[in-house]
Each structure stands twice: as C-alpha cells, then as structure tokens.
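# Secondary and tertiary structure notes
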Amino acid sequence: MAKKALITGVTGQDGAYLAELLLAKGYEVYGARRRLSTDNTGRLRAHLGPKFRSPRFRLLYGDLTDSSSVNGFIGSIRPDEIYNLAAQSHVAVSFEQPEFTADCDALGTLRILEAVRNLGLGRKTRIYQASTSELYGKVRAVPQNEGTPFHPRSPYGVSKLFAYWIAVNYRESYGLFASNGILFNHESPLRGETFVSRKATIGLSRISWGLDKCLYLGNLDSKRDWGHARDYVSAMHMMLLRDEPGDFVIATGKQYSVRRFIETAAAVAGLTLEWKGKGLAERGVVAGIAAPHPAAGLSRHELRVKKGDVVVRISPEYFRPSEVDTLLGDASRAARELGWRPKVAFKELVEEMMLADLYAARKAVYLKTGGFR
Ligand code: NAP
Ligand code: G4F
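Take the packing of helix α3 (residues 67-77) against helix α5 (residues 98-118) next. Axis separation between α3 and α5 bottoms out at 9 Å; the angle between their running directions is 45°. Accordingly, the angle class assigned to the pair α3 and α5 is oblique. The hand of the α3/α5 crossing is right-handed. For the pair formed by α3 and α5, the contact residues are Ser67, Val70, Asn71 and Ile74 on the first element and Arg111, Ile112, Ala115 and Val116 on the second. Among the residues forming the contact of α3 with α5, the class breakdown is five nonpolar, two polar and one charged.

Let us now look at α3. All of the buried residues in α3 are Ser69, Val70, Phe73, Ile74 and Ile77. In a view along the axis of α3, the buried residues occupy a sector of 120°, so they form one face of it. For α3, the exposed residues lying more than 90 degrees away from the buried face are Ser68 and Ser76. The inward-facing, buried residues of α3 contact β1 (4-8), β2 (28-33), β3 (57-61), β4 (81-84) and α5. Immediately beyond the C-terminal end of α3, within one or two residues, lies Arg78, with a positive phi of roughly 50°.

With that out of the way, let us pick up the site of ligand 2. Taken together, 23 residues form the shell around ligand 2, and within it Thr132, Ser133, Ser222, Arg320 and Glu323 come nearest. One nitrogen or oxygen atom from the main chain of Gly218 is found 2.8 Å from a nitrogen atom belonging to ligand 2. For the shell around ligand 2, the class distribution of residues is eight nonpolar, nine polar and six charged.

Quick look at the pattern of salt bridges now. Applying the stated criterion across every chain, the model contains 17 salt bridges. In this structure, the salt-bridge partner of Arg191 is Glu187, at a minimum N-O distance of 2.7 Å. Arg191 sits in the buried class, given a relative accessible area of 14%. A single salt-bridge network, built from bridges that share partners, covers Glu134, Arg224 and Glu323.

By nearness alone, 29 residues border ligand 1, and Thr11, Arg34, Ser89, Tyr156 and Lys160 come closest of all. At a separation of 3.3 Å, an oxygen atom of ligand 1 approaches a polar backbone atom of Gly9. Here an oxygen atom of ligand 1 and a side-chain polar atom of Arg34 are 2.8 Å apart. When isolated, ligand 1 has an accessible area of 910 Å², and the protein chains bury 91% of it. Only α1 (13-24), α5, β5 (126-132) and α6 (155-174) provide two or more residues apiece to the shell around ligand 1. Sort the elements by how many residues they give to the shell around ligand 1 and β5 lands first, with three residues.

A separate point is α1. The end-to-end C-alpha distance of α1, which contains 12 residues, comes to 17 Å, matching closely the 16 Å that a straight helix rising 1.5 Å per residue would cover. The element α1 is extensively covered by neighbouring structure, given that nine of its 12 residues are classed as buried. All buried positions along α1 are accounted for by Gln13, Asp14, Gly15, Ala16, Tyr17, Leu18, Ala19, Leu22 and Leu23.

Moving on: the sheet that holds strand β14 (residues 283-289). Sheet architecture is open: four strands sit in the order β8-β15-β14-β13, paired in mixed fashion. Two strands bound the open sheet, and with one partner strand each, they are β8 (215-217) and β13 (271-276). In this sheet, adjacent strand axes meet at a mean angle of 25° when their direction is disregarded. Two strands pair when backbone bridges link them, and β13 and β14 are joined in this way by six bridges, in the antiparallel orientation. Paired with Leu273 across the bridge in β14 is Val286. With respect to the sheet, helix α7 (residues 196-208) is in contact with β8, β13 and β15 (310-314), its orientation differing from that of β8 by roughly 155°. Helix-sheet contacts for helix α9 (residues 258-268) involve β8, β13 and β15, and the interaxial angle to β13 is about 145°.

Now for the sheet that holds strand β11 (residues 248-250). Strands in a sheet are paired, the pairing made by backbone hydrogen bonds, and the direction either parallel or antiparallel. Read across the sheet, seven strands follow the order β3-β2-β1-β4-β5-β6-β11 without closing on themselves; strand pairing throughout is parallel. Bordering the open sheet on either side are β3 and β11, each of which pairs with just one other strand. When strand polarity is set aside, the average angle formed by the axes of neighbouring strands in this sheet is 20°. Strand direction decides the pairing type here: β5 and strand β6 (residues 177-183), joined by seven bridges, are parallel. If you follow Ala130 over to β6, its bridge partner there is Gly181. The strands touched by α5 within the sheet are β1, β4, β5 and β6, with β4 carrying the most contacts at an inclination of about 170°.

About the cut-offs
- Think of each chain on its own: its residues are numbered from 1, step by step along the sequence as written.
- Each chain is given a letter, starting from A, and each ligand a number, starting from 1, according to the order in which they appear as written.
- Totals for whole chains, interfaces and linings use all residues, but because this is a predicted model, local features are given only for residues with pLDDT of at least 70 and pairs of side-chain atoms are given and counted only at 80 or more.
- Where side-chain values are given, they derive from all heavy atoms of the structure, hydrogens and water being excluded.
- An axis is simply a line fitted to the C-alpha atoms; with a helix, the fit covers only the stretch in contact. Between two such axes, the angle follows the N-to-C directions and lies from 0 to 180 degrees.
- Secondary structure elements are defined from DSSP: runs of H or I of at least 4 residues count as helices, runs of E of at least 2 residues count as strands, and each element is numbered from the N terminus.
- Put simply, angles under 35 degrees are roughly parallel, angles over 145 are roughly antiparallel, angles from 65 to 115 are roughly perpendicular, and the rest are oblique.
- Left-handed describes a crossing in which the near helix is turned anticlockwise from the far one by less than a right angle; the clockwise case is right-handed.
- Throughout, a contact is declared for two residues whenever any of their heavy atoms are within 4.5 Å.
- Note on residue categories: nonpolar means Ala, Val, Leu, Ile, Met, Phe, Trp, Tyr, Cys or Pro, charged means Asp, Glu, Lys or Arg, and polar means any other residue, Gly included.
- Three labels apply to residues, based on accessible area from a 1.4 Å probe with only protein chains included: buried if under 20% of the type maximum, exposed if over 50%, partly exposed otherwise in between.
- Arc, as used here, means the arc of the directions from the helix axis to the C-beta atoms.
- Whether a residue is near a molecule or strand is decided by its heavy atoms; if any one of them lies within 4 Å of it, the residue is near.
- Here a polar contact means two N or O atoms within 3.5 Å. Within protein one must be a hydrogen donor candidate and the other an acceptor candidate, and residues neighboring in sequence count only if both atoms are side-chain atoms.
- Take a side-chain nitrogen of Lys or Arg and a carboxyl oxygen of Asp or Glu: if they are within 4 Å of each other, that pair is a salt bridge.
- Computed with a 1.4 Å probe, the accessible areas rest on the Shrake-Rupley method; for each residue, only the protein chains presented here act as cover.
- Under the convention used throughout, the expected extent of a helix is 1.5 Å for every residue step, that is, one less than its residue count.
- Here, strands pair whenever DSSP counts at least two bridges between them.

Below is the structure:
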C-alpha cells in the first residue's frame, strides 16, 4: 500500500516541490487548496507537468480558517503524513491583515492538530509544521540554531510562534508526532512574485528586455540566509522519516544582503550596478554592460538598457513597521541527525531564478511585438 501524504498549501512554492518529491517516492499525494475566484493551480500544474494528472495526485478544497473543512479532509484521507505548508506567508502583508494571518497561520495549525487528535489519528499520522526563521526576528545570537531564543517582529512571526509552540505542546501533551522545520528563506523560480528575490529577478529581466524601466524596493540592507526550495522540501520529508519527532533548523549557513542579491541577479543579464545617493534617494545605476549569461536567451544587442540608466529606486511603501535585519542559520543538527545538507549555492540559485525570468520576459516581448526586435 502506498503511503498517503496530505499537503496543505500545495499551490504555493514549497507545495509544488514537495508534491514532486513525494510522487517520485511513490506516495499517494493529496493537496488541499483554498477556493479563489481565479485558478491558483498554475504554478503546480506547470511544475508537475504530466504528473499533475497522475492517479496518485489528487486536489481537494480546504481552507485552514474553516475547522469543518480541516476535519473533513483529514478525516476522509486519514493520511500517514501531513505537511502543513498553508499560510498567509508574506511578512509585510501580515501587518495589513494581522487577524487573517493569525487565523490561518496560528489557529490553522491548531485546527490540524486537534483534527488529528480527535479523529484518533494520533498514532498513525505524522505532522510537519512549516516554522520559520522569522521566529528569531530581532536575533539574540548569531548564527541561530534550535536553542536560540525567539523574538518575532511581525504578526506573521508571532502567529508562527504560536504554531511552533502548539505543535511542541501537542507532542508533549498527547504524544503526537509533530515536528517543526525552522526553515530559513528559500527561493526558486516558483517563488511568489512579491517576495524580494522573485520581485527582483522578474523586475530586472523585464527591464533588460525593455518591458519596464525601473524596480522599486524597500530596505536593501537586510541580510538573509537564502537556499533553494527543492533542497528544503527534502528536509521536511527527512524529518518525518525519523523514529522520533523533533525541531530542526534548515539553512545554508551563508548570508547575503538584499543589495547583493540584486547585484548578482543584474550580473546574469550582463549589468553592473553602482549605488548612488542615500536613504530614500538611493538608486541603482547601470555602470557597466557585459555579455549576458550564455544561457540567458538574450544577446548584448537585444539589451534595452544603457550606461547611466536608473534601474532600481527606493519606495517608502516597501519598508515594514519593524524589520528583521539579519538572519543566519546553523543547520548542524540537521546535518548530524538527518544527514541533510544544502546542495544549491547562492549564486547558482540567483542564476536559476534569473534565467527563468529572462525567458519569461523574452516570451512576453515576443507576444507583444509578434517577433523579436
Ligand atoms: P507560499 O508560496 O506563500 O504558499 C502558501 C500556501 O498557503 C499557498 O498554497 C496558499 O494558497 C496557501 N494558503 C494561504 N492561505 C490559506 C488558507 N486560509 N487555507 C488554505 N491554504 C491557504 O509559501 P511557501 O514559500 O511555499 O512556504 C510554505 C510554508 O513555509 C508557509 O507556511 C511559509 O510561511 C513557510 N515558510 C516559508 C519560507 C520561505 O522562505 N519560503 C521560510 C520559512 C517558512 P494560494 O495559492 O491560494 O495563495
Ligand atoms: O522576500 P521577503 O518578503 O521575505 P521575508 O520577509 O524574509 O520572509 C520570507 O522568509 C521567511 C523566512 O525567514 C518566511 F517565513 C516568510 O514566509 C517569507 O517566505 O523580504 C526579505 C527582505 C526583508 O528584509 C524586506 O524588508 O527584503 C526586504 N525588502 C526590500 N524591498 C523587500 C522589498 N521585501 C519585499 N517583499 N518587497 C520589497 O520590495
């Protein structure tokens, strides 16, 4: 009998990579998605390709803010493993929708744990909770590991803090197999378009092809520990294969600023940026032009950017009421106990994202002009 895995948040970045991984391992995969007025399966459909139609892959409707829905889908599937990835996952948005964020991210997790307990699945079902490095927020130690105290800095972080502890509490109180993955930022070509990494790779690609003029961003100086989503979903699965539940930091152990991410992405299109001005008047100016990456599908003469163009500006709307300035993870416990190590390095990650978005921009130019200029 194939094992049954349920993924909440299957339509998100991690959901797509995890569904791919579990299907490849022979699981029956059930993906819960919420109902929206537009289709939210595009990313997943494109990523899974023909496997989207596999009889071992099933989508169902389920919203974490609705306990009858959560009880219903867990009760009908009776999964061996639950990966709770569903969340309002945007930190800046959580300041504008704090109550929804708490309902989905904090109480949603509780609803899953309660459903597993009340349905008598406590001995059968293993639960992965998508915890986050945002728990560390205003960091108390560098680097952060499983013993570092938490100090969240947003309604998102605080909601995830509840989720973290309620998972620990149900493990200690009722013996549920519930494990927290404290994952640091992880990105990919499937990353949501409003997170800074993807916003930058889309923006710089469109600027390179002449579709946009400038990219507007907030704090360029915050630092993140950035890994690849494909590497990180494999850690989720490893955590549920252990004999005992536990909590693990998953990170690369290397840190780069948002500014460095942008410079690295621009270089894939052949652009060297120079930063001029300070504060809100700071801007990223094209200081040099070289041949784009050989796999970019963009030649130097097709680049619609010239020296001196301002391609990055700062806009106050992208600053947060409180910021997480620096995150750097220590994943040595995961290396020791799970045998997990990241495979994709920062430069490779940025290149993969940038190449994918340069191709998307190229296609947009083609559709707009009926051919390449
Ligand atoms: P994501 O792309 O934003 O995906 C979030 C998923 O949750 C989407 O499928 C979304 O559905 C779904 N969702 C939102 N509200 C829901 C609701 N009320 N009921 C059911 N589903 C709902 O996030 P991700 O990057 O894949 O991250 C996966 C999880 O890991 C999230 O919990 C996130 O907070 C956490 N995490 C992410 C990172 C990271 O760097 N990526 C790091 C640490 C932790 P729609 O498609 O309909 O919007
Ligand atoms: O890409 P971000 O929005 O990711 P953030 O806030 O680090 O959160 C992500 O990682 C967490 C793990 O640490 C997850 F739990 C969470 O769900 C999410 O996946 O912002 C990264 C940094 C921030 O310091 C932000 O202030 O980039 C800065 N930034 C600068 N300009 C911007 C922008 N962020 C966004 N989204 N948009 C900007 O224009």
